[in-house]
Each structure stands twice: as C-alpha cells, then as structure tokens.
Amino acid sequence: MKHEPLFDAVSEIADADVCATLNVVIAYDDVPAGQHAMHILADVAANFGDTLELRPQLWRFQFLEDPDWRTLAAKDVLNANMLIISTSSENELPAAVRSWFSSCLTQRRGANLAVVALLGTADKMDEPYSPRFQLIQRAAREASFDFFAPVPHPEDSLDASIASIRHRAETVTPILEDILHVPTAPLNWRANP
C-alpha cells in the first residue's frame, strides 16, 4: 500500500513545528483492525523520525455503543489531527459508530482533520464503490476534511468487480423474493365472438 498522500498531509503538520505532535483517534472493531491502524502509524513515524510525536487514542467499536464512552471518544476527536476508522470485517459499520463519526465531523467542521478509512483486511480491502467507503468519504469531504484510504491493486479490482457483479446477480432480495412468490390467478382464455 502506498502512503505518499497520507505522508504529504502529515508533512503539513510536521512542517509547522520542529517537533510536531500528531494526535490520532483510532476507532476499530477488533484486534487485527487496531493492529492495522497502528502499523500505518508506525510507517508514518518511521517516515518522519524524531520530528513527529504520535499520540494515538484507541476506541473499540463496542465502547462507542455506550453514550458515555461515545462522548469521551468524541472529546478525543476534538483535539485530533487524524481520525482513523479501521475494520477488518466485511459488515456494515455499526449504527452507533456511524452516528459517532457523523457527530465528530460536525463538531470539527472548519478545523484541520485528516480522515483515514482502513476497511477490510490487507488482502481484501473495500473497493471505492463499497457503501461504507462511500459513507466515510462523503462525510469527510462534506466537512471539508482530507480523506485517505488504501484501495486494492488494479489487477485485483477487475476480479473483485466481476465477483461483485456475480454476487449481485445471484442475490435474491426480499423484494424479489416477494415478487417471485406472489400467487397468480389462472388466466381465462376465451374467444371473442
């Protein structure tokens, strides 16, 4: 995964001071997702050496279900330079996480914040057209924040697109299920005199 755009964004912060502090809030769903985010930060730290002090604050998705913890996590975002949403599952982001994320961006509107989406595993990252990728990207851009997310390699993209099309074609939605199982009345044929 290439980090150059993310490094450029961090450079703007690091250039401001001789030794800049990067406050990072990481919201993650499980240990592999938290580790993925920390590996990204380790790459950032290695790129900047002693000129950058990282201060990560980690918040597991399950804590964001609780209103009190969600409020504390939102306060951390108020002081953050970067917000990372990291998940290794293929599931939709929980409603509480989506609500917290939206609220955080609203509170930070007009401030400087980089939003990073790490969606999926290193082997199977979300495509830019996935609903959760689109949700995070749209919210970040509407709030005028920088948005960063790794995307799969182009050669993997075609295979993923074909698999996605096949999956959508083979999926029977509840509406289609209802249509397919609506009893029909027998047709009465008669000749018109």
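Above: the structure in question.
Because the structure is predicted, anything quoted here is derived from the model rather than measured. (Residues numbered from 1 in each chain as written. Predicted model: local features only at pLDDT ≥ 70, side-chain atom pairs only at ≥ 80, totals over all residues. Heavy atoms only, no water.)

1. Looking at the overall build of the chain
Our working definition: Only DSSP runs of H or I with at least four residues qualify as helices, and only runs of E with at least two residues qualify as strands; both kinds are numbered from the N terminus onward. To sort residues, take the accessible area from a 1.4 Å probe on protein chains only and compare it with the maximum for the residue type: under 20% means buried, over 50% means exposed, and anything in between is partly exposed. A contact between two residues is defined here by any heavy atoms of the two lying within 4.5 Å. Areas reported as accessible are Shrake-Rupley estimates using a 1.4 Å probe. Residue values count occlusion only from the protein chains shown.
Helix and strand counts for the chain come out as 7 helices and 5 strands. Listing the helices and strands of the chain from first to last along the sequence gives α-β-α-β-α-β-α-β-α-β-α-α. Residues classed as buried in the chain amount to 36% of the 193 residues present. In the chain, of all internal contacts separated by at least 6 residues, the share reaching a separation of at least 24 is 76%. In the form shown here, the chain has an accessible surface area of approximately 12,000 Å², with 54% of it arising from carbon and sulfur atoms.

2. Details of the sheet that holds strand S1 (residues 20-28)
Just so we agree on the cut-off: Two strands form a pair only when DSSP identifies at least two bridges running between them. In this analysis, axes come from line fits to C-alpha atoms, helices being fitted only over the stretch in contact, and the angle between any two N-to-C directions falls in the range 0 to 180 degrees.
With parallel pairing, the 5 strands of this open sheet are ordered in space as S2-S1-S3-S4-S5. Since the sheet does not close on itself, it has two edges, and those belong to strand S2 (52-60) and strand S5 (146-148), each with one partner. Pairs of neighbouring strands in the sheet enclose a mean axial angle of 20°, with direction left out of account. Relative to strand S3 (residues 82-87), S1 is paired through 5 bridges, and the arrangement is parallel. Following the sheet pairing, alanine 27 is matched in S3 by isoleucine 85.

3. Focus: the packing of helix H3 (residues 67-78) against helix H4 (residues 95-108)
What counts, and what does not: With the far helix as reference, a near helix turned anticlockwise by less than a right angle produces a left-handed crossing, and one turned clockwise produces a right-handed crossing.
Across the interface, H3 lies against H4 with an axial gap of 10 Å and an inter-helix angle of 35°. The handedness of the crossing between H3 and H4 comes out as right-handed. Touching Arg70, Ala73, Ala74, Val77 and Leu78 of H3 are Ala96, Trp100, Cys104, Gln107 and Arg108, all from H4.

4. Here's the deal with the packing of aromatic side chains
To be explicit about the condition: Between rings of Phe, Tyr and Trp, where Trp is taken as its six-membered ring, a pair exists when centres lie within 6.5 Å; planes separated by under 30 degrees are stacked, by over 60 edge-to-face, and by other angles tilted.
Tallied over the full model, the rule gives 3 aromatic pairs. Ring centres of phenylalanine 133 and phenylalanine 147 lie 5.4 Å apart, and the angle between their planes is 80°; this geometry places the pair in the edge-to-face category. Here the residue phenylalanine 133 occupies a position in helix H5 (residues 131-142), and phenylalanine 147 occupies one in strand S5, the gap between them amounting to 14 residues. This pair shows no difference in class: phenylalanine 133 is buried, exactly as phenylalanine 147 is. Taken together, the aromatic side chains of Trp59, Phe63 and Trp69 make up a single cluster linked through ring pairs.

5. Considerations on unusual backbone geometry
Positive phi, close to 65°, is recorded for serine 144, a residue that is not glycine. Position of serine 144 among the secondary structure elements: in the loop between H5 and S5. On the accessibility criterion, serine 144 (64% relative accessible area) is exposed.

6. Let's talk about a nonpolar patch on the surface
Inclusion rule: Only residues whose relative accessible area exceeds 30% and that form no salt bridge enter a patch; like-charged residues are grouped when within 9 Å of one another, and nonpolar side chains (Val, Leu, Ile, Met, Phe, Trp, Tyr) when within 5 Å. Whenever a carboxyl oxygen of Asp or Glu lies within 4 Å of a side-chain nitrogen of Lys or Arg, that contact is scored as a salt bridge.
Judged by side-chain polarity, Phe63, Trp69 and Leu72 come together as a nonpolar surface patch covering roughly 280 Å² of accessible area. Taking relative accessible area as the criterion, phenylalanine 63 reaches 37% and is therefore assigned partly exposed.

7. So, the pattern of salt bridges
Here the idea is simple: oppositely charged side chains can pair when their charged atoms come close. The full count for this structure, using the stated rule, is 4 salt bridges. With a shortest N-O distance of 3.0 Å, glutamate 53 and arginine 55 are connected by a salt bridge. Overall, glutamate 53 belongs to the partly exposed group, its relative accessible area being 34%. The partner of arginine 98 in a salt bridge is glutamate 92, with the nearest N and O atoms 2.7 Å apart. Judged by its relative accessible area of 26%, arginine 98 falls in the partly exposed class. Of the residues examined, glutamate 92 reaches a relative accessible area of 60% and is grouped as exposed.

8. Considerations on H3
Three or four residues apart is the spacing at which side chains of an α-helix point the same way, because the helix has 3.6 residues per turn. For the record, the criterion: Here the expected length of a helix is defined as 1.5 Å per residue gap, with one fewer gap than residues. What the arc describes is the spread of directions from the helix axis to the C-beta atoms. Counting of polar contacts relies on pairs of N or O atoms within 3.5 Å, with two restrictions inside protein: one atom must be capable of donating a hydrogen and the other of accepting it, and residues adjacent in sequence are counted only when both atoms are side-chain atoms.
In this model, H3 (12 residues) spans 17 Å end to end at C-alpha, consistent with the 16 Å of a helix rising 1.5 Å per residue. Within the sequence span of H3, burial applies to Ala73, Ala74 and Val77. Viewed end-on, H3 has its buried residues packed into an arc of 105°, placing them on one side of the element. Of the surrounding elements, those touching the buried residues of H3 are S1, S2, S3 and H4. Capping the start of H3, aspartate 66 holds a side-chain oxygen 3.0 Å from the backbone nitrogen of aspartate 68, two or three residues further along.

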